[in-house]
Amino acid sequence: MSLDTSMSNAFYDPEMYSLKIGYAPRFDRIYADELAAVPAGSTVLELGCGTGDVLLPLARGGARVIGVDSSADMLAHFERLLRDEPDEVSDRVTLIRETLPDVPSTGPVDAVILPNDIVSHLVDDAAVDRLFANIHSVLAPDGLLVLDIAEFDVVELGSIAAAPHGLTRPHGFFPYTGDRHLRVEEHVAYDRAASVLDSVMRYEVLEADATVGSVRYRKLRMHPRLAREITLSLRLAGFEVTAVEGIGHLLGKEPGGLEDVLIRARPAHPTSTDPHPGGI
C-alpha cells in the first residue's frame, strides 16, 4: 500500500472538521440556549459558520440565519447538508463567502454569533477592532452579540515558548470509517514576542492491521487573547459588555490548559451623563 502524506495548508478541511477532534469543541447547544430569548423569525448572523454545526440547529428552530465563512469548501459542505433539510429550513439559510474582519452588508440583524474562538484566528489586533466595528454597523440597536474565546493558561504558553522547536502532544485514537481509526497529535509553537501560536494537527489513518494508510495535516495560526482584551476592544467599538463567564464545565472539560469563556454584548446607547459609552 502506498502511503499518502498529503499536506493540507488550510485548517478548514470539512471532513476533518466534522470529526470534532482537536480544536473547536462544538457549541451548538450553548448558542441555542443563548439565543432562546430571541423572538422567532429573528435574523441571526454567524461569522465563521463552517459546516453549519451551530447555525443549522438555529434554522431548524425557526430563525432566519446568515452564515459567513472564508472557506469555499466549508460552505459547499454546508450547502450539501441543506439539501437533506425540509424546504422551510433551507429557505431560512443564506450563505455568504467573506473573509473576516470584513462583514457583508446584510442590513440590520437581531443577533451576531462568533463560535469556536473565531476571534483568535485574527492575528492582528487592529483586525479585531475592525471586526467589532463592522459588526456594530450591521447589528440592530437592540441586538445581541455572543462570542466565545479559549483563554490559554499562561504557564502552558510559557512552556510552549520555552521549547526550542515547540511541543508535540497526543490527542489519542478515534473511530474513523469501517474498522479504521485515527491517531491524532498536535505540534504547537508559540512566538512570545508576536503572541502567535502555530499549530499543526496530524491525522494518521490506521488500517485494521494497524498499518498507516494515510497521513493528513491541518495548519492553524492564531493569537490567543484574554477576556479583558476582547472586552476592551468591544467597548472601544461601541458595545456594552453585559456578561463574561466561564463555560468549560458546560462542555464537560476538566480545569486547566484552556478555559472557554462566553462573552455577551449589546450596542451601547448614549446617555446625557455618559457621552462616550464605548469608552473605558
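Structure first, text after, so check above.
A brief structural summary.

## Topic: the pattern of salt bridges
- Taken as a whole, this structure holds eleven salt bridges when the rule is applied.
- Residues R60 and E85 are paired through a salt bridge, measuring 2.6 Å at the closest nitrogen-oxygen approach. Placement of the pair is R60 in helix 3 (residues 55–60) and E85 in the loop between helix 4 (72–82) and helix 5 (87–90), with a sequence separation of 25 residues.
- A salt bridge links R180 to E207, with the shortest nitrogen-to-oxygen separation between them at 3.9 Å. Of the two residues, R180 is situated in the loop between strand 6 (167–175) and strand 7 (181–191) and E207 in the loop between strand 8 (196–206) and strand 9 (212–222); the sequence distance between them amounts to 27 residues.
- For R180, a relative accessible area of 26% translates into the label partly exposed.
- Salt bridges here are not isolated pairs; linked through shared partners, they connect E34, E245 and R264.

## Quick word on the nonpolar core
- Core analysis: the biggest nonpolar cluster contains 31 residues, and L47, L114, F132, I135, L145, L147 and L234 have the highest contact counts within it.
- At the level of secondary structure, the elements contributing two or more residues to this core comprise strand 1 (43–47), strand 2 (64–69), strand 4 (109–114), helix 6 (125–138), strand 5 (139–152), helix 8 (227–236), strand 10 (239–246) and strand 11 (258–267).
- For this core, the element with the highest residue contribution is helix 6, accounting for six residues.
- Those residues within four positions of L114 in sequence are excluded, and the remaining contacts are Y31, L47, V119, L131, I135, L145, V146, L147 and D148.
- Core analysis: the next-biggest nonpolar cluster, separate from the first, contains 24 residues, C49, V54, A59 and L75 among them.

## Description of unusual backbone geometry
- The amide bond that connects L100 to the next residue, P101, takes the cis arrangement and shows omega of 15°.
- Among the secondary structure elements, P101 is positioned in the loop between strand 3 (93–97) and strand 4.
- In this model, D117 sits at a positive phi of 50°, which is unusual for a non-glycine residue.
- The exposure class assigned to D117 is buried, which follows from its relative accessible area of 8%.
- Phi at S195 is positive, roughly 60°, even though this residue is not glycine.
- Within the fold, S195 resides in the loop between strand 7 and strand 8.

## Some words on the side chain of R218
- Along the chain, R218 falls in strand 9.
- Side-chain polar atoms of R218 contact the side chain of Y203, separated by 2.8 Å.

## Some words on the side chain of T51
- Structurally, T51 can be placed in the loop between strand 1 and helix 3.
- T51 sits in the buried class, given a relative accessible area of 6%.
- Once you skip the residues sitting within four places of it in the chain, T51 turns out to touch P14, Y17, S18, M74, H77, F78 and L81.

## Section: the sheet that holds strand 11
- Strand order in the open sheet made by the seven strands is 3-2-1-4-5-11-10, with mixed pairing throughout. Strands with a single pairing partner mark the edges of an open sheet, and in this sheet they are strand 3 and strand 10. Neighbour-to-neighbour, the strand axes of this sheet turn through a mean angle of 15°, independent of strand direction.
- Strand direction decides the pairing type here: strand 10 and strand 11, joined by seven bridges, are antiparallel. Pairing of F239 across the sheet is with P267, part of strand 11.
- Contacts between helix 6 and the sheet are confined to strand 1, strand 4, strand 5, strand 10 and strand 11, with strand 5 contributing the most and set at about 150° to the helix.

Definitions and limits used
Numbers given for residues are sequential positions, taken from 1 along each chain in its written order. Restriction of local features to residues with pLDDT of at least 70 applies here, the model being predicted, together with a cutoff of 80 or more for giving and counting side-chain atom pairs; totals for whole chains, interfaces and linings are based on all residues. With hydrogens and water stripped out, all remaining heavy atoms of the structure feed into the side-chain values. The salt bridge definition used is simple: a Lys or Arg side-chain nitrogen within 4 Å of an Asp or Glu carboxyl oxygen. Elements are defined by DSSP. Helices are runs of H or I of four residues or more, strands are runs of E of two residues or more, and each kind is numbered from the N terminus. Three exposure classes are used, based on accessible area relative to the maximum for each residue type with a 1.4 Å probe and protein chains only: buried under 20%, partly exposed in between, and exposed over 50%. Only buried residues count toward a nonpolar core, which is a set of Ala, Val, Leu, Ile, Met, Phe, Trp, Tyr and Cys residues joined through side-chain atoms within 4.5 Å. The contact rule is simple, with two residues in contact once any of their heavy atoms fall within 4.5 Å. A 3.5 Å cut-off defines polar contacts: any pair of N or O atoms within that distance qualifies, except that in protein one atom must be a possible hydrogen donor and the other a possible acceptor, and neighbouring residues in sequence count only when both atoms are side-chain atoms. When DSSP finds at least two bridges between two strands, those strands are taken to pair. Geometry is summarised by axes, namely lines fitted to C-alpha atoms with helices restricted to the contacting stretch, and by angles between N-to-C directions that run from 0 to 180 degrees.

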